[in-house]
Amino acid sequence: MNKIISVEEAVAKVHDGMTIMFGGFLGNGSATQIIDAIVEKGVKDLTIIANDTAFDNVAHGKLVANHQVKRAIVSHTGTNKETAIQKNAGTLIVDYVPQGTLAERIRAYGAGLGGVLTPTGIGTIMADGKEVVKVDGKDYLLEKPLGADIAFLRANIVDEDGNMVFLGTTQNFNPLMATAADYVVVEAEKLVKRGEIAPEQVHASGIYVDGIVLEN
């Protein structure tokens with residue numbers, strides 16, 4: 001099965017109101033080529049799930065700056081001034097999720113779990129409106145799974161089947177998000193032939209990947 005697609009084909013899948021996951025950490029490990037094309041397309045009312053909102057001129061932070069995002073589910077926003085401006089103006093909803101909890105919620109969706117239990121947030125505003133479950137006398141918040149319509153990832157090395165290798169900290173949220181979306185596209189810095197990546201070197205399986213975009 002040929003998984004190679006163009007940037008245009010990848011972005012054609014994106015429509016107003018969608019929920020999109022973006023791998024990366026402040027833009028490190030983000031599919032910037034695809035994101036730039038989404039900015040140019042001008043789709044709006046997006047819900048984004050990411051570790052952060054990057055910077056206003058970097059990666060998916062550009063979507064925030066361009067007023068294409070209606071809700072951001074993230075663990076950090078301090079580096080993108082546009083996030084604060086729009087949040088204070090009431091034009092952007094920000095759901096803050098502790099970083100570890102965010103990762104576990106995404107993992108839970110990919111694993112088909114009904115949620116995860118965590119003590120993080122007990123006794124704080126993070127617990128507002130959430131179910132508290134007592135286990136062996138200790139309270140935990142039930143955090144529900146997070147999935148998306150599309151996930152856009154970036155990997156340093158990708159083979160023809162979509163198996164991915166991430167160098168250094170680019171791994172971040174990318175492998176988790178590969179499991180948690182209906183349609184998954186990886187932007188590949190380098191494409192290699194099937195079998196060139198040793199099985200033990202694969203960080204995320206190509207079984208999750210629907211499309212591969214070659215980085216220019």
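Details of the structure are given in the entry above.
Below: a short report on this structure.

Cut-offs applied
- Residues numbered from 1 in each chain as written.
- Predicted model: local features only at pLDDT ≥ 70, side-chain atom pairs only at ≥ 80, totals over all residues.
- Heavy atoms only, no water.
- Pairing = 2+ DSSP bridges.
- Helix = DSSP H or I, 4+ residues; strand = E, 2+ residues; numbered from the N terminus.
- Axes fitted to C-alpha atoms, helices over the stretch in contact; angles between N-to-C directions.
- Contact = heavy atoms within 4.5 Å.
- Salt bridge = Lys/Arg side-chain N within 4 Å of Asp/Glu carboxyl O.
- Buried < 20%, exposed > 50% of the residue type's maximum accessible area, 1.4 Å probe, protein only.
- Right-handed = clockwise from strand over helix to strand, strands pointing away.
- Phe/Tyr/Trp six-rings, centres within 6.5 Å; stacked < 30°, edge-to-face > 60°.

## Thoughts on the sheet that holds strand E6 (residues 132-135)
1) Next: Spatial ordering of the open sheet is given by E5-E7-E6, a layout of three strands whose pairing is antiparallel. On the outer flanks of this sheet lie strand E5 (116-118) and E6, each paired with one strand and no other. Pairwise comparison of adjacent strand axes, ignoring direction, gives a mean angle of 45° for this sheet.
2) Next: Running over the sheet, helix H5 (residues 99-111) touches E5 and strand E7 (138-143) and is turned about 160° from E5.

## Things to note about the pattern of salt bridges
Where charged atoms from two side chains of opposite charge come close, those side chains can pair.
1) Next: One pass over the structure, following the stated rule, counts 13 salt bridges.
2) Next: Lys130 is the salt-bridge partner of Glu143, the closest N and O atoms lying 2.9 Å from each other. Taken as a pair, Glu143 in strand E7 and Lys130 in the loop between E5 and E6 lie far apart in primary sequence, 13 residues in all.
3) Next: On the accessibility criterion, Glu143 (3% relative accessible area) is buried.
4) Next: Accessibility expressed as a relative area gives 28% for Lys130, which makes it partly exposed.
5) Next: Where salt bridges share partners, they join Glu160, Asp161, Lys193 and Arg194 into one cluster.

## Considerations on the pairing of strand E2 (residues 46-49)
1) Next: The alternating pattern of E2 places Leu46 and Ile48 on one face and Thr47 and Ile49 on the opposite face, and all of these are buried.
2) Next: By the bridge criterion, three bridges tie strand E1 (residues 19-22) to E2 in an arrangement that is parallel. Pairing of Met21 across the sheet is with Ile49, part of E2.
3) Next: Note that the unit made of E1, helix H2 (residues 32-41) and E2 has a crossover that is right-handed.
4) Next: Where E2 lies against strand E3 (residues 69-74), four bridges are found, and the strand directions are parallel. Considered in E3, the bridge of Thr47 is made with Arg71.

## Some details on the packing of aromatic side chains
1) Next: If you walk through the whole model with that rule in mind, you get one aromatic pair.
2) Next: Residues Phe22 and Phe152 carry aromatic rings whose centres are separated by 6.1 Å and whose planes lie at 25° to one another, so their mutual orientation is stacked. Of the two residues, Phe22 is situated in strand E1 and Phe152 in strand E8 (residues 148-159); the sequence distance between them amounts to 130 residues.
3) Next: By relative accessible area, Phe22 is classed as buried at 1%.
4) Next: Relative accessible area serves as the criterion here: at 0%, Phe152 is assigned to the buried category.

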